[in-house]
Amino acid sequence: MASDAELISRSLNGDGNAFVEVICRHEVALGAYLARRAGRDKAEDLLGDVWVAAYESRRTYDRSFANARPWLYGVALNILRRHWRSQPAEDLVPDVADMASGWDPWPAVDARVDIQTLLRAALAKLKPTQREVLTLIAWEDLTAAEAARVLVIPAGTARRLLHQARKELRNAPEVAALLKIPTV
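Residues numbered from 1 in each chain as written. Predicted model: local features only at pLDDT ≥ 70, side-chain atom pairs only at ≥ 80, totals over all residues. Heavy atoms only, no water.

1. Digging into the pattern of salt bridges
For the structure on display, the rule yields five salt bridges. For Arg 25, the salt bridge identified is with Glu 21, shortest N-O distance 3.0 Å. Here Arg 25 and its partner Glu 21 are both found in helix H2 (residues 16–38), four residues apart, which amounts to about one turn of the helix. Given a relative accessible area of 25%, Arg 25 falls into the partly exposed group. Residue class for Glu 21 comes out partly exposed when judged on its relative accessible area of 32%. Three or more residues joined by partner-sharing salt bridges are found here, namely Asp 4, Glu 21 and Arg 25. (Salt bridge = Lys/Arg side-chain N within 4 Å of Asp/Glu carboxyl O. Helix = DSSP H or I, 4+ residues; strand = E, 2+ residues; numbered from the N terminus. Buried < 20%, exposed > 50% of the residue type's maximum accessible area, 1.4 Å probe, protein only.)

And the structure:
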């Protein structure tokens, strides 16, 4: 099986199907990443933008790395940043009109919203680079070295940022409330 680097090289040499294979290998992971960061309804469009941007910039890919996933996360992060800058400052409430009648989702929704609110509050207090490293490692299952490649920082810096993020989250009152840990 050819590595991603070999497939990208082949696509640069005119093999139209080679880049499609790279897409097939990574579309599920990148789609999930985008859905977690921007919502499912926007993820599909953003994923298309990622593939276009990756295809157009494939000459910049460092082919000394066999696996293109960290590079693709970097492309996706840039697309997400552009998307976030284009959005209004307020979050719109999703339409709940098409929910099934006779089903009361509110107790489960309330509990989930409370947990998400507390977790988001704790994550929001992290420095942006700490938050990015933490989410790439925790949610996207990248190594610290791969997260460093995504963010274009040294691997040691990514490990330090991860350590700092974990330490700050352990000491965050929101996390203590989330886990029902008594604060001292």
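That shown, we press on.
2. Some remarks on the nonpolar core
Among the nonpolar cores identified, the biggest contains 49 residues, and Ile 8, Tyr 33, Leu 34, Trp 71, Leu 72, Tyr 73 and Leu 136 are the most heavily contacted of them. Within the residue set of this core, elements represented by two or more residues are helix H1 (4–12), H2, helix H3 (40–56), helix H4 (69–86), helix H5 (106–124), helix H6 (128–138), helix H7 (144–151) and helix H8 (155–170). Among the elements that take part in this core, H2 stands out by supplying nine residues, more than any other. In contact with Leu 72, not counting residues within four places along its chain, are Val 22, His 26, Leu 30, Val 50, Trp 51 and Ala 54. (Core = buried A, V, L, I, M, F, W, Y, C linked by side-chain atoms within 4.5 Å. Contact = heavy atoms within 4.5 Å.)

3. Quick word on the packing of aromatic side chains
Following the criterion strictly, the structure yields three aromatic pairs and no others. Each ring, one from Phe 19 and one from Tyr 55, has its centre 5.5 Å from the other, and the planes form 75 degrees; the classification is edge-to-face. Of this pair, Phe 19 sits in helix H2 while Tyr 55 sits in helix H3, and the two are 36 residues apart along the sequence. We classify Tyr 55 as partly exposed; its relative accessible area is 41%. A centroid spacing of 4.9 Å and a plane angle of 75 degrees characterise the contact between Tyr 33 and Tyr 73, whose relative ring orientation is edge-to-face. One end of the pair, Tyr 33, is in helix H2; the other, Tyr 73, is in helix H4, and 40 residues separate them in sequence. (Phe/Tyr/Trp six-rings, centres within 6.5 Å; stacked < 30°, edge-to-face > 60°.)

4. A closer look at H2
Largest kink in H2: about 55 degrees, centred on His 26. For H2, every residue scored as buried is listed here: Ala 18, Phe 19, Val 22, Ile 23, His 26, Ala 29, Leu 30, Gly 31, Tyr 33, Leu 34, Arg 37 and Ala 38. Where H2 is buried, its residues touch H1, H3, H4 and H6. The N-cap of H2, judged by a side-chain oxygen 3.1 Å from the amide nitrogen of Asn 17 a few residues on, is Asp 15. Following H2 by one or two positions, Gly 39 adopts a phi angle in the positive range, close to 100 degrees. (Bend = angle between axes of the 7 residues up to and from the residue. Polar contact = N/O pair within 3.5 Å; in protein donor to acceptor, adjacent residues only side chain to side chain.)

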